[in-house]
Amino acid sequence: IGSVESVALVALIVAISFSILDSCFAHVISVDELTMLLLVVVGVLSIRKSSTKAPTKKLFDASQKTPLSDSSQRTPGSGRGSLSSKLLCAANGGDLVAAETVMESFRARSEKPTAKCYAALVSACSRAGDVAGAERWLEELVARTDLGQPTVVAFNMMLSACSKAGQISRAAAWLTRMREMGVEPDVMSFNAMIAACARAGETQQAEQWFATMCKAGVQPNLVSHSSVVNACARAGDASRAELWLEKAAASGMQPNAICYNSLIHACTKGGRVDRAMYWLDEMAARGVQPTVTSYSTIMDSLVKNADVTAVEKWLARMADAGIEADDVSYNMLLGAYCKTGNAESAKALYEQMCSHGVTPTPMFFNMLINIHARKGDVKGAADWLSEMRSCGVQPDQVTFNTSVKAFRRSSNVAGTEVILQELQAAGFTLSTTLYHSMITSCVRSHCIDKAELWLNQMAKNGTADAPSYCSVIAAYANSGDLKKAGGWLERMEAAGLNGTAFAYNSSVQAFAKGGDADSAEKILQRGEVSGLDISSPTYNALISAWSKEGNADRAEYWLKKSVEGAKADVASFTAVIHACAKASDLPRAEALLEQMEQSGIPANVVTFNSVINACARCGEAARAEAWFEKMEQRDVTPGMLTFNSLINASSKGDNLDRAEHWMCEMRSRGLAPDVVSYGTVIHASMVQQQPGRAERLLEAMRRDQLAGPGKSSAFCYTSVVEAWARSGDFAAAGRWLSEMLEQRIHVSGASFRAVIEACMKQGKHAEAQKWKVVMKEQGLSVAGLFSTPRAKNGGKSPAHSARI
C-alpha cells in the first residue's frame with residue numbers, strides 16, 4: 001500500500017471509530033485522544049508488517065551480474081529502486097565501476113539517463129583523479145541536447161579533476177568552453193583554476209586567474225586567497241605568500257590555520273626558519289590556534305638543519321600550548337636522533353611517547369632499530385625488535401631490511417644469531433637473504449669456519465645460492481687458504497650454480513698472489529666459459545704470476561686475451577714487458593711497448609723503466625738512452641729507477657764516464673743518487689780495475705751519508721777492497737778492510753782472501769798472517785790459505801800459485 005493510501009485508511013478508521021463512540025457512550029476528551037493514539041499505532045504496525053512480507057523483485061541477477069527485465073517495476077527515475085537512484089548511490093559512494101555499470105544498463109534498455117546521472121559520474125571520476133573519465137562523461141552530457149545545458153556544478157567538477165592533476169591548460173580550455181556555452185564561472189570555478197596553478201607552483205598564473213576572477217565580477221573568498229598563498233609557498237616565495245595573506249586580512253577575511261600553515265611552509269622551504277617561527281606566534285596572536293602541522297613544519301626544517309636541541313624545544317613548546325604531538329612529530333625528532341646516532345635520547349623519546357598515549361608506528365620502531373643497525377649493534381637492534389613485538393606492532397619489510405643491515409655490518413656473530421631468532425619470532429622465515437647476511441657477518445668477523453657451517457646448512461636445505469658460495473670462496477681466497485677456496489668453488493660449480501665475477505676474480509687473484517699461476521689460469525678459464533666478466537686486475541694478476549715464474553709465453557698469451565676483451569691496460573703490458581726484461585729478451589720487450597702505444601694505451605714510467613732495464617741487462621746503453629729520450633718526448637717524468645737503469649746500462653757497456661754523467665744528471669733534476677747508483681758504478685770500477693775511481697765514489701757516497709752497516713753499503717766497501725787488492729795495493733785494500741771492521745760493516749771471506757793474497761803476492765807474509773788471524777777471529781774459515789812461502793814455482797808467491 002502506498003504511503004498516501006495508508007494515511008487515508010488510518011484516518012477513515014479513526015473517524016468511524018469516534019462516530020460510533022460518540023453515539024453510544026458519554027466520555028471525556030482524554031479517552032478520545034488515547035483511543036486515537038492506539039488506533040494509529042495499530043494501523044501503522046499493520047502496514048509495516050504487510051509491507052515486509054511483500055516480495056520484491058531483484059533488479060540484478062547476482063549470478064549473471066546483468067540487469068533483469070523490470071517491466072513490472074516503476075518507470076526509470078521514480079522511487080528508490082530505479083537505475084538512476086542506483087547510479088547516484090554508487091557514484092556518491094565512490095564506486096565508479098558500479099556506477100558506470102549501471103550507466104551501461106541504461107543503454108542496454110535503450111533508456112535515457114538524467115543530467116543528474118551524468119553529473120554524478122563526472123563527480124565520481126573527479127574524486128578518483130580520472131580526468132579522462134570525467135571529460136568523457138561531461139562530453140556525453142554536452143552532446144545530450146535533450147537534457148538541457150550542463151550546470152555550472154558539472155563544469156566545476158571537471159575543473160576540479162584537472163586541478164587535482166595539475167593540468168592548467170586543460171582546465172583553462174574547459175573554463176573557456178563553459179563560457180562559450182553561456183555558463184558563467186562562479187567562485188568555485190576560479191578557485192579550481194587557482195588551485196591547479198598552486199599545485200604546479202605557478203605563482204604568476206595563480207595571481208593572473210585571481211585577477212581574472214575579480215575582473216569577471218566574481219567575489220574571491222578565503223579559499224581563493226589561500227590557494228594563491230599555497231602557490232607562493234610551493235614556489236618557496238615566502239615574501240609573496242605573506243603579501244597575499246595580508247591581502248585576505250585587509251579584505252575583511254580571517255585567514256584560517258590552512259593559510260598560516262602554507263605561509264609557514266613557504267618560509268621553511270626558503271630556509272627562513274626564524275620567519276616561520278614569527279608567523280606561528282602571529283597566527284596565535286590573531287586568534288588562530290596553531291595546529292600540529294604548524295609545529296611539525298618548523299620541526300621538520302630544524303631536523304634537516306641537524307639542530308636537535310631546537311627540535312626538542314619546539315616539541316616541548318607544542319606540549320605547553322596544549323597541542324598533543326602526533327606520531328609524525330615524534331618521528332621527526334627521532335629522525336634527528338637517527339642522524340646523530342643518539343640511542344639514549346631516542347630511548348627517552350620512546351618512553352615519553354608511550355607516557356602520552358601515542359602508539360609508536362612501525363616507522364618509529366624501524367628508526368630505533370636503524371640507530372643500532374648503523375653501528376652494527378645487533379643486540380640493540382634485537383632488543384627494539386623484541387619491544388616492537390611486545391607492543392603488538394607488526395614488523396614490516398622495512399623492519400626486516402633494517403634488521404638484516406644490522407648484522408651485515410656487525411662482526412658480533414653471537415649477537416647476529418640473537419636478532420635472527422627475533423626475526424623468526426616476528427614471523428619472518430629464514431630466507432636465502434638472511435642466510436647470506438649471516439655468512440657475510442661471519443666473514444666480516446673472520447669466523448670463516450662458522451660461515452662455512454651456515455653455507456653447509458643452506459646446501460643441506462637446498463637454498464644455497466651463488467652469492468653465499470662466493471662469499472665463502474672469497475673469504476678463504478683472501479685469507480690465503482687456497483685449498484678451501486678451490487674446494488668450495490668446485491662444489492658451487494657441481495651444484496650447477498653460476499658464480500659471480502667477484503668470486504672468480506677473487507679466487508684467480510688469490511691463487512696468482514700465492515704463486516700458483518697454473519691453478520689461477522684454470523679458474524679464470526672456467527669463469528670465461530661461464531660467461532663472467534673477468535676484470536682487468538684479474539687478468540693482470542695472472543699475467544704477473546706467469547711473469548714472476550719467468551714464463552713470458554703464458555704471460556703474453558693472457559695479455560692477448562685481455563686485449564681481445566678490451567681489458568688490457570698499462571699494467572697488463574708492463575707485466576709482460578717486465579718478464580721479457582728479466583729474460584733479457586730486449587726485442588720482445590720493445591715490440592710489446594710499441595704494440596701498447598699503437599693500442600692507444602700510453603706507457604707510464606714503470607713501462608719505460610722495464611724496457612730500459614732490459615737494455616741494461618743486455619748491455620745496450622745506446623738503446624737504453626734512446627728509450628729515455630722517447631720517455632721524455634711523451635712527458636713521462638723519469639724516476640730513480642730510470643736513472644739507475646741508465647747507469648747500469650752504461651756500466652755494463654764499460655762506459656764509466658757516461659755512468660757518472662747520469663749520476664750528475666740525476667742531481668740536476670733534484671734526485672740524489674742512492675746506494676744502488678753508487679754501488680753499480682763502484683762495482684763496475686772494480687771490474688775494470690779502476691780502484692781510484694771506486695775509492696772516490698765511495699768517499700762521495702760517505703759524504704752523502706749513504707754508507708753504513710747495510711748490505712748495499714757492504715757491497716760497495718767490498719768492491720773497493722777487492723779493486724785495490726786486484727791492483728796489488730794491499731795497503732789500500734787493508735785500509736778499507738780495517739774501515740769496514742771499525743764501522744761494523746759485514747766483511748765476507750772473499751774480501752779477507754783478496755787482501756791476504758795481495759799481501760802474499762807482494763811478499764808481505766807477516767801482514768798476510770795478521771789478516772789471517774783477524775779473519776779467524778771473525779769466525780771465517782781460513783782453510784786453503786798459505787801460511788808460509790814455498791820455494792817452488794820459480795819463486796812465485798803462494799797467492800800466485802793459488803790463482804794458477
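Quick note: structure is the one above.
Since we're looking at a predicted model, the values are computed, not measured.

Enquirer: I'd love a proper account of the overall build of the protein, names of residues and values included.
Expert: Along the backbone of the protein there are 43 helices and 2 strands. Here the protein holds 804 residues, and the buried ones make up 46% of them. In the protein, the proportion of contacts linking residues at least 24 apart, taken out of those at least 6 apart, comes to 60%. With an accessible surface of roughly 39,200 Å², the protein has 53% of that area assigned to carbon and sulfur atoms.

Enquirer: Please provide a residue-by-residue account of unusual backbone geometry, values included.
Expert: With glycine set apart, most residues show a phi of negative sign, and most peptide bonds adopt trans. If you check the backbone angles, Ala 566 has positive phi at about 55 degrees while not being a glycine. Here Ala 566 shows up in the loop between helix 30 (552–564) and helix 31 (570–582). We note that Asp 635 has phi near 60 degrees; this positive angle belongs to a residue other than glycine. Locating Asp 635 in the fold gives a position in the loop between helix 34 (621–633) and helix 35 (640–652).

Enquirer: Give a detailed account of the packing of aromatic side chains, specifying residues and quantitative values.
Expert: Applying the stated criterion across every chain, the model contains 19 aromatic pairs. An aromatic cluster of at least three residues, connected via ring pairs, comprises Tyr 350, Phe 364, Phe 365 and Trp 384. Directly above the ring of Tyr 557 sits Arg 554, whose terminal nitrogen or CZ lies 4.4 Å from the centroid. Positioned above the aromatic ring of Trp 627, the side-chain terminus of Lys 630 is 4.2 Å from the ring centre.

Enquirer: Please provide a residue-by-residue account of the nonpolar core, values included.
Expert: Counting residues in hydrophobic clusters, the biggest one holds 118 residues, and the most contacted among them are Ile 682, Leu 698 and Trp 771. With 8 residues, the top contributor of residues to this core is helix 39 (residues 711–727).

Enquirer: Before we move on, could you go through helix 29 (residues 536–548) and cite the residues and values that matter?
Expert: The terminal C-alpha atoms of helix 29, which comprises 13 residues, lie 18 Å apart, in line with the 18 Å expected from a rise of 1.5 Å per residue. Extensive coverage of helix 29 is indicated by the burial of 10 of its 13 residues. The secondary structure elements touched by the buried residues of helix 29 are helix 27 (501–513), helix 28 (517–529), helix 30 and helix 31.

Enquirer: Pulling in residues and values, what's your account of the packing of helix 29 against helix 30?
Expert: Where helix 29 contacts helix 30, the two axes come as close as 8 Å, and the packing angle between them is 165 degrees. Considered as vectors, helix 29 and helix 30 are oriented roughly antiparallel to each other. Crossing hand, helix 29 versus helix 30: left-handed. Residues Tyr 539, Leu 542, Ile 543, Trp 546 and Ser 547 of helix 29 form the contact with helix 30, whose own contacting residues are Arg 554, Ala 555, Trp 558, Leu 559, Lys 561 and Ser 562. Here the contact of helix 29 with helix 30 is built from residues that sort into 7 nonpolar, 2 polar and 2 charged.

About the cut-offs
Residues numbered from 1 in each chain as written. Predicted model: local features only at pLDDT ≥ 70, side-chain atom pairs only at ≥ 80, totals over all residues. Heavy atoms only, no water. Helix = DSSP H or I, 4+ residues; strand = E, 2+ residues; numbered from the N terminus. Buried < 20%, exposed > 50% of the residue type's maximum accessible area, 1.4 Å probe, protein only. Contact = heavy atoms within 4.5 Å. Areas by Shrake-Rupley, 256 points an atom, 1.4 Å probe, with all protein chains shown as cover. Phe/Tyr/Trp six-rings, centres within 6.5 Å; stacked < 30°, edge-to-face > 60°. Lys NZ or Arg CZ within 6 Å of the ring centre and 35° of its normal. Core = buried A, V, L, I, M, F, W, Y, C linked by side-chain atoms within 4.5 Å. Expected span 1.5 Å × (residues − 1). Axes fitted to C-alpha atoms, helices over the stretch in contact; angles between N-to-C directions. Parallel < 35°, antiparallel > 145°, perpendicular 65-115°, else oblique. Left-handed = near helix turned anticlockwise from the far one by under 90°. Nonpolar A, V, L, I, M, F, W, Y, C, P; charged D, E, K, R; others polar.

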